[in-house]
Amino acid sequence: MSGRIVTLTPNPVMDIRTRVSQVVSDRKLRCSEPVRQPGGGGLNVARTINWLGGRACALFPAGGGTGEDLRHCLDTEGVAYEAIPIAGETRENMIVLEEKSGHEYRFAMPGPVLSQEECGALLDRLRSLDPPVDFLVASGSLPPGAPEDFFAEVVRVGNQLGARVIVDTHERPLSHVAVPDSGVFLLKPNRGELERLTDRTLSSEEEEEAAARELIADQQARAVVLSRGAKGAMLLTADQTIRYRSPPVGVITRVGAGDNLIAGLVHKLSQGASLAEAVHFGVAVGAAAVASIGTGIGGWVDLEEFLQQTEVA
Ligand SMILES: Nc1ncnc2c1ncn2[C@@H]1O[C@H](COP(=O)(O)OP(=O)(O)OP(=O)(O)O)[C@@H](O)[C@H]1O
Ligand SMILES: [Mg+2]
């Protein structure tokens, strides 16, 4: 039997993807037929776990027509979820591929204001989950209105539920979570997030490793997975450092790369794999997602091949 996974996404989104030949100012830009996909940290994680044949329940606030649309898409994909109704309208982000350059432009909206009551309702729903919850993935940005220490409270609740809590967020919400004796099982910063967290510029792999190791030394997390884009990832725990080299891939979209890494990682952990094996699989899933159309993984992908091409050192 595999462990139970819950993801929490305070600021979910409907991603709208389209293409345009060139982005220029002051002119009407004719776009291709848009494709709509649920997104935002934990929703991406739950969708990819579902694609991998696992099961995760996505918990998130949803409001307005876009909130309805989000539920409908998840129903169609067969992703388990619980949506907490809110007064505001769930946001939509625009992801525009400029065909001429191959560049991807990502326009991210702030999201609807979450009132104090709505934040409370989301946390209360989390508190009232029936145990066991083996893994809790708290991921994405915070919407306006949510207190900066929202994820720190999520970590406390996760620990009360007996879950191993994985956090992937940025800016100030991350610094509220990454504190000594945080109770976090795993943090997954990218380099920029680690730089801001440790307040320094990291210009080599050695410097990255040293900075990530400080988080472990302070018990800001039991494990850190530093994701390094095309270069792969680094896993640090109290007694090991493991480097993973991502396979070279033709990049189709980078949206959700980090979420897909986490999806692969948690899916493997829930099946009883070691952390080292789980990160290996996560890096392969991240690379496969980058090489697939849309935020998740495309149906044709041979994950085994990506896994074999991911080097471990
Ligand atoms: N260009 C790439 N080629 C191969 N693999 C990639 C590439 N970019 C990302 N990946 C894979 O995805 C993982 C996560 O990527 P990255 O470090 O960019 O996450 P991130 O910065 O958190 O992304 P985001 O927050 O935008 O989803 C990497 O560890 C790697 O496995
Ligand atoms: Mg990220």
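Rules used in this analysis
Residues numbered from 1 in each chain as written. Chains lettered and ligands numbered in written order. Predicted model: local features only at pLDDT ≥ 70, side-chain atom pairs only at ≥ 80, totals over all residues. Heavy atoms only, no water. Helix = DSSP H or I, 4+ residues; strand = E, 2+ residues; numbered from the N terminus. Rg over C-alpha atoms; globule rule 2.2 N^0.38 Å. Buried < 20%, exposed > 50% of the residue type's maximum accessible area, 1.4 Å probe, protein only. Pairing = 2+ DSSP bridges. Axes fitted to C-alpha atoms, helices over the stretch in contact; angles between N-to-C directions. Contact = heavy atoms within 4.5 Å. Core = buried A, V, L, I, M, F, W, Y, C linked by side-chain atoms within 4.5 Å. UniProt positions renumbered as here; feature names shortened; annotations may be inferred. Phe/Tyr/Trp six-rings, centres within 6.5 Å; stacked < 30°, edge-to-face > 60°. Near = heavy atom within 4 Å. Polar contact = N/O pair within 3.5 Å; in protein donor to acceptor, adjacent residues only side chain to side chain. Areas by Shrake-Rupley, 256 points an atom, 1.4 Å probe, with all protein chains shown as cover. Salt bridge = Lys/Arg side-chain N within 4 Å of Asp/Glu carboxyl O. Right-handed = clockwise from strand over helix to strand, strands pointing away. Parallel < 35°, antiparallel > 145°, perpendicular 65-115°, else oblique. Left-handed = near helix turned anticlockwise from the far one by under 90°. Nonpolar A, V, L, I, M, F, W, Y, C, P; charged D, E, K, R; others polar.

- With an unreviewed UniProt entry as reference, the protein chain is termed Phosphofructokinase, source organism Thiohalorhabdus methylotrophus.

Comments concerning the overall build of the protein chain
Logical step 1: Helix and strand counts for the protein chain stand at 10 helices and 14 strands.
Logical step 2: Taken over C-alpha atoms, the radius of gyration comes to 19 Å for the protein chain, in line with the 20 Å a tight globule of 313 residues would show.
Logical step 3: A principal-axis box enclosing the C-alpha atoms of the protein chain has dimensions of 55 × 45 × 40 Å.
Logical step 4: Counting only residues that meet the buried cut, the protein chain has 55% of its 313 residues in that class.

Some remarks on the sheet that holds strand 3 (residues 35-39)
Logical step 1: Taken in spatial order, the four strands of this open sheet run 3-2-6-7, and their pairing is mixed. Across the chains shown, the open sheet's two edge strands, defined by having one partner strand only, are strand 3 and strand 7 (104-107). For this sheet the average axis-to-axis angle between neighbouring strands, irrespective of direction, equals 25°.
Logical step 2: Sheet analysis places strand 6 (residues 91-98) next to strand 7, joined by four bridges and oriented antiparallel. Bridge assignment links V96 to a residue of strand 7, and that residue is Y105.
Logical step 3: Most of the contacts of helix 2 (residues 64-77) go to strand 3, to which it runs at about 90°, and overall it touches strand 2 (13-20), strand 3 and strand 6.

Some remarks on the nonpolar core
Logical step 1: Grouped together as the largest cluster of nonpolar side chains are 42 residues, with contacts concentrated most on L8, L126, L136, F150, V154 and L187.
Logical step 2: Of the residues forming this core, the biggest block, five residues, is contributed by helix 4 (residues 150-160).
Logical step 3: Core analysis: the second largest hydrophobic core is formed by 36 residues, A233, A263, L265 and L275 among them.

Thoughts on the UniProt feature "domain: Carbohydrate kinase PfkB" (unreviewed entry) in the protein chain
Logical step 1: Cross-referencing UniProt, the feature "domain: Carbohydrate kinase PfkB" (unreviewed entry) maps to residues 23-297 in the present numbering.
Logical step 2: Secondary structure within residues 23-297 divides into 39% helix and 21% strand; the distance between the first and last C-alpha atoms comes to 27 Å.

Things to note about the packing of aromatic side chains
Logical step 1: A complete count under the given rule lists two aromatic pairs for this structure.
Logical step 2: Ring geometry for F60 versus Y81: centroids 5.9 Å apart, planes at 35°, classification tilted. Of this pair, F60 sits in strand 4 (residues 56-62) while Y81 sits in strand 5 (residues 80-85), placing them 21 residues apart in sequence.
Logical step 3: A relative accessible area of 0% means that F60 is categorised as buried.
Logical step 4: Consider the rings of F150 and F151, whose centres lie 5.9 Å apart with planes at 75°: the pair is edge-to-face.

What about the sheet that holds strand 5?
Logical step 1: Strand order in the open sheet formed by 10 strands is 5-4-1-8-9-10-11-12-13-14, and the pairing between neighbours is mixed. The two strands at the open ends of the sheet, each matched to only one other strand, are strand 5 and strand 14 (311-312).
Logical step 2: Across two bridges, the pairing between strand 13 (residues 240-245) and strand 14 is antiparallel. Residue pairing in the sheet places Y244 in a bridge with V312 of strand 14.

Points about the site of ligand 1
Logical step 1: Around ligand 1, the structure places 21 residues, and the nearest of them are N190, S227, G229, G232 and R254.
Logical step 2: G229 places a polar main-chain atom, nitrogen or oxygen, 2.8 Å from an oxygen atom of ligand 1.
Logical step 3: Out of a free accessible area of 630 Å², ligand 1 has 89% covered by protein chains.
Logical step 4: Of all the elements, helix 9 (residues 275-290) adds the most residues to the shell around ligand 1, at four residues.

Things to note about the pattern of salt bridges
Logical step 1: Using the criterion set out here, one finds 19 salt bridges in the structure.
Logical step 2: The salt bridge partner of R36 is E92, with a shortest N-O separation of 3.1 Å. Separated by 56 residues along the polypeptide, R36 in strand 3 and E92 in strand 6 bring together distant segments of the chain.
Logical step 3: Taking the relative accessible area as the measure of exposure, R36 reaches 35% and is therefore partly exposed.
Logical step 4: When salt bridges with common partners are traced through the structure, they connect E205, E208, E209, R228, R243 and R245 into a single cluster.

Topic: the pairing of strand 9 (residues 164-168)
Logical step 1: Of all the five residues making up strand 9, four are buried; the element is thus mostly covered by neighbouring parts of the structure.
Logical step 2: Bridging between strand 8 (residues 135-139) and strand 9 involves five bridges; their strand directions are parallel. In the strand pairing of strand 9, V137 is matched with I166.
Logical step 3: Considered for its hand, the β-α-β crossover made up of strand 8, helix 4 and strand 9 is right-handed.

Here we look at the packing of helix 3 (residues 116-127) against helix 4
Logical step 1: Between helix 3 and helix 4, the shortest axis-to-axis distance is 10 Å and the interhelical angle comes to 20°. By the angle between their axes, helix 3 is roughly parallel relative to helix 4. Note on packing geometry: the crossing formed by helix 3 with helix 4 is right-handed. The residues of helix 4 that touch helix 3, namely those facing C119, L122, L123, L126 and R127, are F150, E153, V154 and V157.
Logical step 2: Among the residues forming the contact of helix 3 with helix 4, the class breakdown is seven nonpolar, no polar and two charged.

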